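# Structural characterization, general
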Amino acid sequence: MNQPKISPAVLRLLVIFPNVLSYMLLIGIIIYIATNYAGLKEANALNLWIIIAAILGPMAIYTTYSIVKRIRAGVL
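These remarks concern the structure in this document. Just so we're clear, the structure is a prediction, and the values are computed from it rather than from any experiment. (Residues numbered from 1 in each chain as written. Predicted model: local features only at pLDDT ≥ 70, side-chain atom pairs only at ≥ 80, totals over all residues. Heavy atoms only, no water.)

## Some words on the overall build of the chain
Within the chain, the regular secondary structure consists of three helices and zero strands. Scanning the chain from its N terminus toward the C terminus, one meets helices and strands in the order α-α-α. Its C-alpha atoms give the chain a radius of gyration of 18 Å, clearly above 11 Å, the size a compact globule of 76 residues would have. Expressed as lengths along the three principal axes of its C-alpha atoms, the size of the chain is roughly 60 × 20 × 20 Å. When the accessible area of the chain is evaluated, it comes to approximately 6200 Å², of which 70% is carbon and sulfur surface. (Helix = DSSP H or I, 4+ residues; strand = E, 2+ residues; numbered from the N terminus. Rg over C-alpha atoms; globule rule 2.2 N^0.38 Å. Areas by Shrake-Rupley, 256 points an atom, 1.4 Å probe, with all protein chains shown as cover.)

The structure is reproduced here in structure tokens:
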């Protein structure tokens, strides 16, 4: 049985699109923190949002690094 093959361009798109979404989420969280800083601080929720941003940022950067490394190696 022959399995259908995904073209490399579609495969790259499927890999890169979620990474772009993670950057959009990170930017949205940063904007949310900046615009609601006083309210978050007053409700003692500022630490939670900063922790979420601090975790998401390095994850997005590492994922981008991994994708770029695979594309350069010719895997993707």
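From this point, the narrative continues.
## Details of helix α3 (residues 46–73)
Taking 1.5 Å per residue as the helical rise, α3 with its 28 residues ought to reach 40 Å, and the 41 Å between its terminal C-alpha atoms agrees with that figure. Along α3, the residues classified as buried are L46, A53, L56, G57, A60 and I67. Next to the buried residues of α3 lie α1 (8–35) and α2 (37–42). (Expected span 1.5 Å × (residues − 1). Buried < 20%, exposed > 50% of the residue type's maximum accessible area, 1.4 Å probe, protein only. Contact = heavy atoms within 4.5 Å.)

## Digging into the packing of aromatic side chains
This structure, assessed with the given rule, holds two aromatic pairs. On the numbers, 4.9 Å between centres and 55 degrees between planes, the contact of Y32 with W49 is tilted. Within this pair, whereas Y32 is found in helix α1, its partner W49 is found in helix α3, the two being separated by 17 residues in sequence. The exposure class of Y32 is partly exposed, given its relative accessible area of 34%. Ring geometry for Y62 versus Y65: centroids 6.4 Å apart, planes at 40 degrees, classification tilted. You can see Y62 and its partner Y65 sitting in helix α3, three residues apart, about one turn around the helix. What makes Y62 exposed here is its relative accessible area of 57%. (Phe/Tyr/Trp six-rings, centres within 6.5 Å; stacked < 30°, edge-to-face > 60°.)

## Overview of a nonpolar patch on the surface
A cluster of nonpolar side chains, contributed by I16, F17, V20, L21 and M24, occupies part of the molecular surface with about 450 Å² of accessible area. Considering the arrangement of structural elements, one finds L21 in helix α1. (Patch = residues over 30% accessible without salt bridge, like charges linked within 9 Å, V, L, I, M, F, W, Y side chains within 5 Å. Salt bridge = Lys/Arg side-chain N within 4 Å of Asp/Glu carboxyl O.)

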